Every structure is written in structure tokens, then in C-alpha cells.
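Geometric and topological summary
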Amino acid sequence: DAGVTQSPTHLIKTRGQQVTLRCSPISGHKSVSWYQQVLGQGPQFIFQYYEKEERGRGNFPDRFSARQFPNYSSELNVNALLLGDSALYLCASSLVQAATELFFGEGSRLTVL
Amino acid sequence: AQSVTQLDSQVPVFEEAPVELRCNYSSSVSVYLFWYVQYPNQGLQLLLKYLSGSTLVKGINGFEAEFNKSQTSFHLRKPSVHISDTAEYFCAVSGGSNYKLTFGKGTLLTVNP
């Protein structure tokens, strides 16, 4: 069975640009969460979507947005990129809303120049 | 709100030696506790979790952890490590708003021959 898949795996953008990251959860999983992992730090929670509704949001500016589609895949959008947005963006899926067993993808490495 | 402190940023050990990675948490509510492992250029994989019940939790790859409520700790142990255990290990907590995980900064375990 396929795990959580994310695309693209690597990308380079310049300041002020916009980026869209994509995530396909494990089949049957209805929850998708997004985390940002800055180099040398632990992952930090950005969003959770469950049954296509936003259920939680971390302490991130409004430049960050996300959505979940009817097939439960998800997109994370970041506008007006800053150098500090350079990070590994991780998507995690789970069967239920509670974060009792998250399955992570390998992430999208974003570099902002 | 919850927080996690991983007391060691780096732990070097020799192959077949025992290891303990330390984690302390703070929370005003009951918590769920997790250990994740991240190999280079990969996402996070769940090693073990404490949700309720026995305070000694066994996970994959021979790892175990003990939940100590009075000391607010959840230390990870392995009696004999292998070269392949070299990775970054993250302790995480979920509580109250249990749709998200709060991670520590990670401990880099390096197993030397």
C-alpha cells in the first residue's frame, strides 16, 4: 500500500513568490496535517484538516493557507515567501482526527532565495 | 499549552551499548506521548506511543519508553544499539487540543562502530 506521498520533493523559490505543496494521504485516511520543520528544529504544527474542514491552525501568519479536497488530498499554499519560510514541509495523515497515530510523508524541501 | 524539552541535542554511543534519550514535558492537562525517528532525508516514523494503561511502552526496533507522571518524563531506551539506529529522534506530546503534536527539538543519536 502506498504511504503518504508529497510533491514536489524539492523546490527553490525567490522572496515574494508563492508556492503550492501537495499531499496524498494513505487510502482511507480522512485527516491531513501539515508541519513545518526548520533545519535543526522539531516539526511545528501548521494546519489540520479532517473531513475537508479546517479543524486546527498553528501560530502561522495568514500567508499560509490550505485546503482538503473531496478525495482527502490536500494542498498547502504559502504566499509572499520570506527567507524564513525555507524549511521541510511535512504532511501527515491519520484515520481519525486525534493525532494518536500520524503517518508522515517524506516532505517537500523548500528553499527561498 | 504543552511543551517538550529534549535534554540532549546529541548522543554519541558505541555499537551494542545501551542508550537513553531523555524527554521532559509540561502540560496542564492529561497527555499522550510519542517518540518519532527521522532518518536522513526521510519523514518521521512512529517508534512508540503512550496513550493510557501501562507506563512501560514497547515500540519497534527494540525501543521502549517509560511514562513517569510525577517527573513529567518519557525517556526512550534501548539495551543494545546498532549502527542502523543512527538518526534524529523526536519526542512529542498531544493534549487538550489533541489534533496536533508538539515536538521537541530532537536528539541526534550517532552509533559508532
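Residues numbered from 1 in each chain as written. Chains lettered and ligands numbered in written order. Predicted model: local features only at pLDDT ≥ 70, side-chain atom pairs only at ≥ 80, totals over all residues. Heavy atoms only, no water.

**Points about the overall build of chain B**
Regarding its fold elements, chain B presents 0 helices and 12 strands. Tracing chain B from N to C terminus, the helices and strands come up as β-β-β-β-β-β-β-β-β-β-β-β. Considering only C-alpha atoms, chain B reaches an extent of 40 × 30 × 20 Å along its principal axes. The buried share among the 113 residues of chain B stands at 45%. Put simply, 56% of the contacts in chain B that link residues at least 6 apart link residues at least 24 apart. Of the roughly 5,400 Å² that chain B leaves accessible, carbon and sulfur atoms contribute 49%. Across chain B, the mean location of the 8 positive side-chain charges is 12 Å away from that of the 8 negative side-chain charges. (Helix = DSSP H or I, 4+ residues; strand = E, 2+ residues; numbered from the N terminus. Buried < 20%, exposed > 50% of the residue type's maximum accessible area, 1.4 Å probe, protein only. Contact = heavy atoms within 4.5 Å. Areas by Shrake-Rupley, 256 points an atom, 1.4 Å probe, with all protein chains shown as cover. Lys, Arg positive; Asp, Glu negative; His and termini not counted. Charge placed at Lys NZ, Arg CZ, Asp CG, Glu CD.)

**Side note on unusual backbone geometry**
For the bond from A:Ser7 to A:Pro8, the omega torsion is -10 degrees, close enough to zero to count as cis. Tracing the chain through its elements places A:Pro8 in the loop between strand E1 (5-7) and strand E2 (10-13). With a phi close to 70 degrees, A:Lys52 is a non-glycine residue in the positive phi region. Within the secondary structure, A:Lys52 sits in the loop between strand E5 (44-50) and strand E6 (53-57). If you check the backbone angles, B:Asn41 has positive phi at about 60 degrees while not being a glycine. Residue placement: B:Asn41 occurs in the loop between strand E5 (31-38) and strand E6 (44-50). By relative accessible area, B:Asn41 is classed as exposed at 72%.

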